[in-house]
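# An overview of the molecular structure
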Amino acid sequence: MTLTTVLLMSVPLALLCLLLGLIYKGIDRRLGARMQARTGPPVMQPLRDIRKLMLKENIVPKHAVPWLFSLMPVVALGSTLALLMYVPLFGQAPLLGSYGDMVSVLYMLLIPSLTLVIGGFVSSSPYAVVGAQREMVTMISYEFPLAITIVAFAWLASVAAPGSAAFAFSTFSAVPVWSMTSILGSCGLIILFAVMIVVTSGEMGAVPFDAAEAETEIAGGLLSEYSGRNLALFYMASAVKMVVLGSVIIALFLPFGISGYAGLEGMAAQAADAGFFLLKLFAVIFAASTFPRVAVPRLRITQIVKMYWVYATAAAIIGLTLIGIDVLVEAI
Amino acid sequence: MKAKALNRSLWVFHVNTGSCNGCDIEIVAAMTPRYDLERFGIKLVGSPRHADVLLVTGPVTRDMKKKLKLIYDQTPDPKVVMSVGNCGNSTGVFYESYNIEGPIDRIVPVDIYVAGCPPRPEAIIDGVVKAWKKLEEMKKK
C-alpha cells in the first residue's frame, strides 16, 4: 500500500471507528440497562456526553504538572487511533499491516493504559494516585496470559504454515486458526479464546476489573481530576480501544467472512464481510464488557491479580500445552 | 444547538452534608428500574470534576461547611446546585441548632429546591428537569 493511500484512508477510518466505538458504548449501556429491567439511555447517549463534556470548563488542578496533565489525554486518543492502522478491520487487511504485527500491537496497547497511569500520577489527587497504582497492577497482571496466547498462536503458525510470518495478522486471516489444529488443539484454542475474552475485559477496564476507576470507592480513580475536554478525550480513547481490542480477538479467533457462503463477489462481498465484522465486534464486546458488567460485581485489586496470575495463566498454559501436544502429534 | 447540549446528559455528584440518609436512599431509588433516571442520560459520578449537577442533602454540619464550599469550587462550570430535602432547604428539624451551619443556600448558591422529608423520587426527577431548564438559560446568556 502506498503512502498516499494510507494517508487518504487513515483519517476517514479513524473517524469511522471513533463513531463506531461511541455507538457500541451506547449499545453496551442500553443493553446493560435492559438486562437490569431498566429502559436505559438512548444508543446515541455517549455522543451527547462527549458534546456536553466539550462545552464544560476544563480544570487543571493547582498542584498538577500542567503540561503532562493536558498532554496525556491527547496521547491516549492518538495512540489508540494509531493502533487502528495495525489491526484488521471490516474484514480488510490492516492499513500498515506490513509495518507491524501482533507483537507491536501488544506493545502499543500498553500506551493508552500508560497515559492513564501518568495522568493519574501527575494530577496531584490521592484518589488518582491510588487509581494509577491499581491500573499498573492490573496491566502487569493481564500481560502474562496475553503473552502466552500470542506465543501459542505463533507456534501454531510456524508449524502449520511454515514460511509465513508467524506473528502477522495476515497469516491468521488467510488460514483460520481452527483449521490448523485437530480436536485436541481445538480444545486448547477454545480455552485460549476464553482467556482472551477475560484479558480483553481487563484491558477495556470493564466492570469486574475496573478497580482502577472505581467510582464508589476512590471517586473515579485515575480520572478523578479530569474534567471537560480532557475527560472527553479519555472517553473517546476508551471507545476506540474497545474497537481495537474487539478486532484483535476477531482477527485471531474469528477471521471468517460470510461472502463465501452467500456466493457474493466484488463490492457486495466486501460490504457483506464488513457488516458481518460489525456483528462479530458486537458479540465480542457483549461477551467481554456488557455481560460481565451486569453479571459480576467489581473485584478487589488482589482478586484481580489472583484471577489473572493464577486462574487465567493456568488456563492459558493448559491451552498452550494442548496445542503443543497437538502440534507434536501432527509432526509425527 | 449549544444550549441543548446539556439537557440530555447530566452527570450528578451527590454530596451528603450530614443528612440522615433518608434523602440519599430516595436519590438511589430514582436510579432503580422503577424510575430509571439513566434513560434521560442522567448518571451518578464519583468525582465533582465530572459533575454538572451537585445534589446536596443534609443541613450542613459545622464540619461539612468548608468541604461543601470546596466541592462547589471543584465542579467545572456550567453547574447547577440542587438542594434535596427539608434539612437542606431550611435545616428542618435542626433549626437553630448549635452545630448546624445551614441551610445550604447560606454556603453555596442553590438553584433548585426539592421539598420533602424525604422527597419522593418523582419530586427529585422533577427537580432535575428544572435543572435542565436552568442550565439551558445559563448557556443562552
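Our subject in this report is the structure included herewith.

### Let's talk about the overall build of chain B
Broken down by element type, chain B carries four helices and five strands. If you list the helices and strands of chain B from N to C, you get β-α-β-β-α-β-α-β-α. At 14 Å, chain B has a C-alpha radius of gyration in line with the 14 Å of a compact globule built from 141 residues. Overall, chain B is about 50 × 35 × 25 Å in size when its C-alpha atoms are taken along their principal axes. Summed over its atoms, the accessible surface of chain B is roughly 6700 Å², and 54% of this surface lies on carbon and sulfur atoms. Taken together, the 21 basic and 16 acidic charged side chains of chain B have centroids lying 4 Å from each other.

### Remarks on the side chain of E26(B)
Residues and elements named next belong to chain B. Tracing the backbone shows E26 in helix α1 (residues 22–31). Despite being buried, E26 has no salt bridge partner; R120 is the closest side chain of opposite charge, sitting 6.3 Å away. In this structure, E26 is in contact with P118, P119, R120, P121 and I124, ignoring residues within four places of it in sequence.

### Focus on the pairing of strand β3 (residues 53–57) of chain B
All names here are of chain B. With respect to burial, β3 is a largely interior element, five of its five residues being buried. Of the two faces of β3, the one carrying V53, L55 and T57 and the one carrying L54 and V56 are both buried. Relative to β3, strand β1 (residues 11–16) is paired through five bridges, and the arrangement is parallel. Note that in β3 the partner of F13 across the bridge is L54. Looking at chain direction, β3 and strand β4 (residues 80–84) are connected through five bridges and run parallel. Residue pairing across strands places V53 opposite V80, the latter belonging to β4. Remark: the β3/helix α2 (residues 64–74)/β4 crossover connection has right-handed handedness.

### A few points about the interface of chain A and chain B
Each partner contributes to the interface: chain A provides 28 residues, whereas chain B provides 28 residues. Between chain A and chain B, roughly 2400 Å² of surface is buried when both sides are summed, and carbon and sulfur atoms account for 53% of that area. Contact with chain B buries surface across chain A, with K52(A), L55(A) and K56(A) losing the most and accounting together for 26% of the total. In this structure, the connection of chain A to chain B is made through six salt bridges.

Criteria and thresholds
- Residues numbered from 1 in each chain as written.
- Chains lettered and ligands numbered in written order.
- Predicted model: local features only at pLDDT ≥ 70, side-chain atom pairs only at ≥ 80, totals over all residues.
- Heavy atoms only, no water.
- Helix = DSSP H or I, 4+ residues; strand = E, 2+ residues; numbered from the N terminus.
- Rg over C-alpha atoms; globule rule 2.2 N^0.38 Å.
- Areas by Shrake-Rupley, 256 points an atom, 1.4 Å probe, with all protein chains shown as cover.
- Lys, Arg positive; Asp, Glu negative; His and termini not counted.
- Charge placed at Lys NZ, Arg CZ, Asp CG, Glu CD.
- Buried < 20%, exposed > 50% of the residue type's maximum accessible area, 1.4 Å probe, protein only.
- Salt bridge = Lys/Arg side-chain N within 4 Å of Asp/Glu carboxyl O.
- Contact = heavy atoms within 4.5 Å.
- Pairing = 2+ DSSP bridges.
- Right-handed = clockwise from strand over helix to strand, strands pointing away.
- Buried area = accessible area lost by both parts, 1.4 Å probe.

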